[in-house]
Amino acid sequence: MAVSIKPLHENSEMFSCPICSETFKSPKILPCLHTFCEPCIHEFIISMGRKKDTKISEFACPICRTVVIPLNPEESIDKWTSKLQDNATIATMIALSTGDKTQECHACKRSNEKSDATFWCKICEEALCEKCNQMHSRMKLSYAHAVVKIEEYGQSTNGIDLNGISQHCHMHPSKQLEIICCGHKEPCCVLCLITKHIECKDVNSIADGFNENNDYEAIPEKLGKMKDASIKLLAEKEQHKTDFIRSIETVEEEAAKIAEMMKCSIDNLFEMFKKQLHIFRDEKNTNHNVRLRLLEQFVKSLEHWMSVTQVVKDEGSNTQLFVHVETMRSQMKASIVELRKKFHNENLITLNLKRSEIVEQLQTAEILATLEETKELLVDQTGDIFKLCKELGVFTCYTFEELSLRKVNTFYLKGSNIGCGISIGDEYILVGDRTSEKKLHMLDKHTGTIIDSKVLSGSVKRLCYDFEFNQVFISCYSQTPFVATIHERTIKKPQKITFEEEYVGALFSHNHSIFLVGNNAVRKFSKTFNPNNLGKLTHCFSTNTESGLNGVNILDDNIIFTTKDKEIKRATLEGKTIYCYKNETIVTPECLAVLPSGLVLFIDRHNKGSLHVLSADGIKHRTLLEKFEKIENPMDIWLDVDGETVYIAGGEYIEVYSLY
């Protein structure tokens, strides 16, 4: 049966291979759902193998760089392409678009029979004849599949073959993907669970994970927001390039006017200067182009992810959507890391012509003019994109070897004695002032301006903020801790919390409890919105701590804290030690902050203070800052809610650093 479908020229982009730009020949689809001609992707894979000195076991999609692992990496690289998934959807559309050809039944073809197809199964992504469609509808596994007339399919399909997202385990192809190991971020089958992930703790079924994570419906919208943010940044970079070229042109025009005032003896100098200027322009223009290409590629990837995610969400299974999203998140993370590296510490360059004093002395002049380059540091250019990535569950982690700090701000609170602090949202931080007035201040985190203050009857030691009830818990050098509610830009009057015979050191909010470090033990109490009904202290485990200037943080149900023996310990919430780090060169480790990757930032307060990082396994440490710019007695360190900014407080100063 001949079927009417839009001709090839009206769907040229859908039917064209991204590598050769010709109509697809034996189209193959990758797990990222990009489609290529079989000969084109084969040659690409072979070329990747030639570039490597050692045998390759994977390759990256030519468009979005998603890593593709062959079904059998041990096979010859020449056979990888044949094992890739066929894009039956595109192949069928191309066959139908000729108008005078018929579409064969895929089921009959597998049995070496031939018959014309009249139906299309959207789930199996196959064409079916009348007989096969009847059998298809009787089978238990396929009776509920969405089957349409092939004419309808030809007019409405988007060209994406969902079979490109495999629901089968890579290690055990006969098994369905049913499990997700959250620790390894890896979907697997039941066999993988009992062999590879038997000791992993954070394991869940894909079905439960899909049901628990209710943000999949919002993913297309979030991708759209990320695309808008990327387009906005792309437009800004294009404007920067335009302004830069305009400034080059302006400088050249000014130089030309100077040259016109001079005689023949200045002509050579002018040409030399113009050559220097053009070299500078080409160099900087190249840098602009690199960044623009990265952003353009990222926008294209986002457009692809948007369309594919919508299709998978509408037509695919939950497992396919889950696997697709996790693949997308992995690639998005790599793209964002690359963007951040390219845009880190980029300068906005404007040029002005600085005339040489020697120009007036024509006989002795050696140069016409010099370039006066003004740099304006462009900070946090990818901040909006990175924030949207985190909403999508895509995080970039700093490695122990790569982690660095860059100073971004210093807040000066004259006459204060800042001993601790905490971030309470996108706009504000809270700090404890240990002067004789004993105050709790709310500051604008961008300017350091005091928004509100409240007086306490005790000198503030450590702070802990609970986002669920907008409460800040305050430990003091006196025995009585406090709790205060934060409402918009106001600190409500702090109220006392009474615990029998217990001095409190550092505190941390986790799940439904506030964990605190006390004398020789870690304890907890249940948090509620009502400060008068906080419950009693519960003993968690005994340890070598004291209720002084210590630090505590909780990550992945592990508690990281400092001890009175100058150690940094990581333990389970039941007290089982994971590591205990001690170094004789670290004299006074009394405050710390833990990154999502498990890296621990801590301050040695000895000799005016220094900042260090401890590896996630508690084995290695290195110094990040030998000393601080203004602070001579550092008292506390904390992370911003974005996980990208570090605050260090002491005396009259708060120093703000950006991680990169």
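The preceding data block contains the structure.
Residues numbered from 1 in each chain as written. Predicted model: local features only at pLDDT ≥ 70, side-chain atom pairs only at ≥ 80, totals over all residues. Heavy atoms only, no water.

J.: Quick rundown of the overall build of the protein chain? Include the residues and the values.
T.: Counting its regular elements, the protein chain contains 12 helices and 38 strands. In the protein chain, buried positions account for 49% of the 660 residues. Within the protein chain, contacts between residues separated by at least 24 positions form 54% of all contacts whose residues are at least 6 apart in sequence. Carbon and sulfur atoms form 49% of the exposed surface of the protein chain, whose accessible area is close to 33000 Å². (Helix = DSSP H or I, 4+ residues; strand = E, 2+ residues; numbered from the N terminus. Buried < 20%, exposed > 50% of the residue type's maximum accessible area, 1.4 Å probe, protein only. Contact = heavy atoms within 4.5 Å. Areas by Shrake-Rupley, 256 points an atom, 1.4 Å probe, with all protein chains shown as cover.)

J.: Describe the sheet that holds strand S6 (residues 119–121), naming the residues involved and giving the relevant values.
T.: Spatially, the three strands line up as an open sheet ordered S7-S6-S8, and their pairing is antiparallel. The open sheet has two free edges, formed respectively by strand S7 (126–128) and strand S8 (147–149), since each of these has just one partner strand. The average undirected angle you get between the axes of adjacent strands in this sheet is 30°. Where S6 meets S8, three bridges bridge the pair, whose relative direction is antiparallel. Residue pairing in the sheet places Cys 121 in a bridge with Val 147 of S8. Strands in contact with helix H5 (residues 130–138) are S6, S7 and S8; relative to S7, the strand with the most contacts, it is inclined by about 110°. (Pairing = 2+ DSSP bridges. Axes fitted to C-alpha atoms, helices over the stretch in contact; angles between N-to-C directions.)

J.: If you had to explain the environment of Ser 82 to someone new, which residues and values would you point to?
T.: Within the secondary structure layout, Ser 82 lies in the loop between strand S4 (67–68) and strand S5 (85–86). Distance in space between the C-alpha atoms of Ser 82 and Lys 28 is 8.7 Å, their sequence separation being 54 residues. Contact partners of Ser 82, with chain neighbours within four places excluded, come to Lys 28 and Glu 38.

J.: Explain a negative patch on the surface to me, using residue names and the numbers behind them.
T.: There is a patch of like negative charges on the surface, built from Asp 202, Asp 556, Asp 557 and Glu 574. For Asp 557, a relative accessible area of 42% corresponds to the partly exposed category. (Patch = residues over 30% accessible without salt bridge, like charges linked within 9 Å, V, L, I, M, F, W, Y side chains within 5 Å. Salt bridge = Lys/Arg side-chain N within 4 Å of Asp/Glu carboxyl O. Lys, Arg positive; Asp, Glu negative; His and termini not counted. Charge placed at Lys NZ, Arg CZ, Asp CG, Glu CD.)

J.: I'd love a proper account of the state of the cysteines, names of residues and values included.
T.: Applying the stated rule across the entire model yields zero disulfides. The closest cysteine sulfur to the non-disulfide-bonded Cys 188 is located on Cys 192, 5.2 Å from its own sulfur. Look at Cys 188 and you get buried, because its relative accessible area is 1%. (Disulfide = S-S within 2.5 Å.)

J.: Give a description of the sheet that holds strand S11 (residues 203–205) that names residues and reports values.
T.: Strand pairing in a sheet relies on backbone hydrogen bonds, with the paired strands running either antiparallel or parallel. The three strands are arranged S10-S9-S11 in an open sheet whose pairing can be described as antiparallel. A strand with exactly one partner marks an edge of an open sheet, and here the two such strands are strand S10 (186–188) and S11. The mean angle between the axes of side-by-side strands here comes to 30°, regardless of whether they run parallel or antiparallel. Pairing geometry for strand S9 (residues 179–181) and S10, over three bridges, is antiparallel.

J.: So what about the nonpolar core? Which residues, and what values?
T.: Core analysis: the biggest nonpolar cluster contains 40 residues, and Leu 223, Met 226, Phe 298, Met 332 and Ile 385 have the highest contact counts within it. Mapped by element, the contributors of at least two residues to this core are S9, helix H8 (206–212), helix H9 (219–260), helix H10 (264–315), helix H11 (318–343) and helix H12 (383–391). When sequence neighbours within four positions are dropped, the list of residues in contact with Met 226 reads Phe 298, Leu 302, Met 332, Ile 385, Leu 388, Cys 389 and Leu 392. (Core = buried A, V, L, I, M, F, W, Y, C linked by side-chain atoms within 4.5 Å.)

J.: Describe in detail the pairing of strand S38 (residues 653–659), supporting the description with residues and values.
T.: Regular strands place their side chains on alternate faces of the sheet. Burial analysis of S38 places six of its seven residues in the buried class, the great majority of the element. Both strand S14 (residues 405–412) and S38 contribute to a ladder of seven bridges, which runs antiparallel. Residue Thr 410 lies in a different strand from S38, and its bridge partner there is Glu 655. As defined by bridge partners, strand S37 (residues 645–650) adjoins S38 across six bridges and the pair is classed as antiparallel. Its bridge partner lying in S38, Tyr 647 is registered against Val 656. Here S37 folds back onto S38 in antiparallel fashion, the turn holding two residues, of which Gly 651 has a positive phi close to 70°.

J.: Provide a residue-level description of the packing of aromatic side chains, including the pertinent values.
T.: Under the definition given, this model contains eight aromatic pairs. Pairing Tyr 465 with Phe 467 gives two aromatic rings, centres 4.8 Å apart and planes at 90°, and the pair type is edge-to-face. Residue classification places Tyr 465 among the buried positions, given a relative accessible area of 8%. The positively charged end of Lys 461 is found above the aromatic ring belonging to Tyr 477, 5.3 Å away from the centroid. Directly above the aromatic system of Phe 400 lies the positively charged group of Arg 622, at a separation of 5.6 Å from the ring centroid. (Phe/Tyr/Trp six-rings, centres within 6.5 Å; stacked < 30°, edge-to-face > 60°. Lys NZ or Arg CZ within 6 Å of the ring centre and 35° of its normal.)

J.: I'd like to hear about H5, residue by residue, with values.
T.: Taken together, the buried positions of H5 are Cys 132, Asn 133 and His 136. Along the axis of H5, the buried positions cluster into a sector of 100°, meaning they face one direction only. Exposed and facing more than 90 degrees away from the buried side of H5 are Lys 131 and Arg 138. Of the surrounding secondary structure, the elements contacted by the buried residues of H5 are helix H4 (106–110), S6, S7 and S8. (Arc of directions from axis to C-beta.)

J.: Just give me the short version of the environment of Ser 307, but keep the residues and values in it.
T.: With respect to the element layout, Ser 307 can be found in helix H10. Between the C-alpha atom of Ser 307 and that of Pro 220, which follows or precedes it by 87 residues, the distance is 8.0 Å. At 2.9 Å, the side chain of Ser 307 and the backbone oxygen of His 304 are in polar contact. (Polar contact = N/O pair within 3.5 Å; in protein donor to acceptor, adjacent residues only side chain to side chain.)

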